[in-house]
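Notes for the structure review
What follows is each chain in one-letter form.
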Amino acid sequence: MKIVYDAEIDALSIAFQDTTVTSRHLEEGITADYDADGNLAGIEILDAGKRLGNKDTFRQIVIGGIGMQTAA
């Protein structure tokens, strides 16, 4: 997974897969990318700071639950 925030243009991009995608505009400024099987491969949000509160939202990112858990 790759998460990129571009403060100059206030755009947030989250790529779940590095693959060829087909993009679907969900609404003004929000685009979802899908792989060949129709799985969500990424999402881009323009004016992200405005949509998600403010640009300070991106000063701290917390990631939890990394890795797959297997049954014992």
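The structure under discussion appears in the preceding block.
Just so it is clear, the model here is predicted, and its values are computed rather than measured.

Summed over the entire model, instances satisfying the criterion amount to one salt bridge. Among the ionic pairs, Glu27 bridges to Arg51, the shortest N-O distance being 3.4 Å. Within this pair, whereas Glu27 is found in strand β3 (residues 22-27), its partner Arg51 is found in helix α1 (residues 48-51), the two being separated by 24 residues in sequence. Look at Arg51 and you get partly exposed, because its relative accessible area is 35%.

Let us look at the packing of aromatic side chains. This structure, assessed with the given rule, holds zero aromatic pairs. Sitting over the face of the ring of Tyr34, Arg24 holds its NZ or CZ atom 4.5 Å from the ring centroid.

Mapped onto the fold, Ile66 is located in the segment after α1. The spacing of Ile66 and Phe16 is 50 residues in sequence and 13 Å in space, taken between C-alpha atoms.

Both strand β2 (residues 11-15) and strand β5 (residues 40-46) contribute to a ladder of five bridges, which runs antiparallel. Bridge pairing links Ile14 to Ile43 in β5. When strand β4 (residues 30-34) meets β5, the two strands line up antiparallel, connected through five bridges. Across the sheet, Thr31 pairs through a bridge with Glu44, a residue of β5. Where β4 folds back on β5, the antiparallel hairpin that results is connected by five residues, among which Gly38 adopts a positive phi of roughly 85°.

Rules of the game
- Here the residue numbering is sequential within each chain, running from 1 through the sequence in written order.
- Where totals are concerned, whole chains, interfaces and linings use all residues; where local detail is concerned, this predicted model gives features only for residues with pLDDT of at least 70, and gives and counts side-chain atom pairs only at 80 or more.
- Where side-chain values are given, they derive from all heavy atoms of the structure, hydrogens and water being excluded.
- When a carboxyl oxygen of Asp or Glu is within 4 Å of a side-chain nitrogen of Lys or Arg, the pair counts as a salt bridge.
- Strands are runs of DSSP state E lasting at least two residues, helices are runs of H or I lasting at least four, and both sets are numbered from the N terminus onward.
- Accessible area is worked out with a 1.4 Å probe on protein chains only. A residue is then buried under 20% of its type maximum, exposed over 50%, and partly exposed in between.
- The rule is short: rings of Phe, Tyr and Trp, with Trp giving its six-membered ring, pair when the centres are within 6.5 Å, and they are stacked under 30 degrees, edge-to-face over 60, tilted in between.
- A ring has a charge above it when a Lys NZ or an Arg CZ is no more than 6 Å from the ring centre and no more than 35 degrees off the ring normal.
- In this scheme, strands are said to pair when DSSP sees at least two bridges between them.

From the geometry alone we can't say anything about function, so treat these as descriptive.
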